[in-house]
Amino acid sequence: MVNKNSAEYIEELENKIVDLSLKLKGKSNQLKNIENENYERIRKLVHNLKNPIGIAYSFSEMIAESSEKISKEKLEKYTDIIQKSTDFSIEILNALASLNRLKSPKFKLNYQNSNYCEYITNVVNKFKTEKDNRDISIEMNVPKNSVFLSFDINEISHVIDNILSNAMRFSSNSPTVSIAVIETEKTVETIITDQGIGISESDLHHVFDEFWVVNTYSENNNKCVGLGLAIAKIIVNYHNGEIKASSSLGKGTAFSFTLPKV
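It should be emphasised that the depicted structure is a prediction, and the values quoted were computed from it without experimental measurement. (Residues numbered from 1 in each chain as written. Predicted model: local features only at pLDDT ≥ 70, side-chain atom pairs only at ≥ 80, totals over all residues. Heavy atoms only, no water.)

*Asks:* Summarise the packing of helix H2 (residues 72-103) against helix H7 (residues 228-238); cite the residues concerned and give the values.
*Replies:* Following both chains from N to C, one finds H2 and H7 inclined at 20°, their axes separated by 10 Å at the closest point. Judged by the inter-axis angle, H2 sits roughly parallel to H7. Between H2 and H7 lies a crossing whose hand is left-handed. Along its contact with H2, which presents Ala95, Ser98, Leu99, Leu102 and Lys103, the element H7 presents Ile231, Ile234, Ile235 and Tyr238. The class makeup of the residues in the contact of H2 with H7 is seven nonpolar, one polar and one charged. (Axes fitted to C-alpha atoms, helices over the stretch in contact; angles between N-to-C directions. Helix = DSSP H or I, 4+ residues; strand = E, 2+ residues; numbered from the N terminus. Parallel < 35°, antiparallel > 145°, perpendicular 65-115°, else oblique. Left-handed = near helix turned anticlockwise from the far one by under 90°. Contact = heavy atoms within 4.5 Å. Nonpolar A, V, L, I, M, F, W, Y, C, P; charged D, E, K, R; others polar.)

*Asks:* How would you summarise the sheet that holds strand S5 (residues 187-193) if you had to cite specific residues and measurements?
*Replies:* Pairing is mixed in the open sheet, where five strands are placed in the order S2-S4-S5-S7-S6. Every other strand in the sheet has two partners, leaving strand S2 (137-141) and strand S6 (242-248) as the edge strands with one partner each. Strand-to-strand, the axes of this sheet are offset by a mean angle of 15°, without reference to chain direction. (Pairing = 2+ DSSP bridges.)

*Asks:* Before we move on, could you go through the packing of helix H3 (residues 116-125) against helix H5 (residues 153-169) and cite the residues and values that matter?
*Replies:* Orientation of H3 relative to H5, taken along the N-to-C sense of each, is 50°, at an axis distance of 10 Å. Here H3 is positioned oblique relative to H5, judged by the angle of their axes. Regarding H3 and H5, the two cross each other, and that crossing is right-handed. Contacts between H3 and H5 involve Tyr116, Tyr119, Ile120, Val123 and Val124 from the former and Ile153, Ile156, Ser157, Ile160, Asp161 and Leu164 from the latter. Partitioned by chemical class, the residues of the contact of H3 with H5 number nine nonpolar, one polar and one charged.

In structure tokens:
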């Protein structure tokens, strides 16, 4: 007959085995999700790269086959097409490299304590040349007092860059892009609002998906990669913050993200 202590010991072992089995099943499901995610990412990458690489190859072949007969005007046109196609391909690969860096198990945020209002002003000032060339006005509404926050300065700049770049890409007719910083007791919220083409209600919940774009081409005819907002969401989530979008088709879009005060 099994004594009481032995019975308790066996029951404890059985519970541990069940617990380990559940954990193993959870890890197995997690691994399958990662495999599916990577498969979809590679599939979409190949799909997005086939066209620009094919175009660059075709036009370079045309130049090579008729190098002696081709006119200067055609040569300039063909080389411009090749350059735009290769630039887009490189942009996709750079964005994918950033995405993979963020998803690496070794990735860690580098927190620094900084005056957020001063910081975001400096980040926005980097867009001065682009906004001047496209006649875009940027209005900033930030607290007059210093708002100190602990965050990864380099990574949050990617978030602001990606949202602000989209706001400028899909704006036309001398629009205004507004940036507001709102401090609450527990968070700091940044809201970037444009007067661009907007996003339909049915498309809005896809904006943070990888390789998803509302329009293939922006207002200045640049092809869109569709990874910037996915990257922005990952970075904000790593900060234990929240990012969301609201939009009205034909009237503009607002992206907001909150960072918690530590």
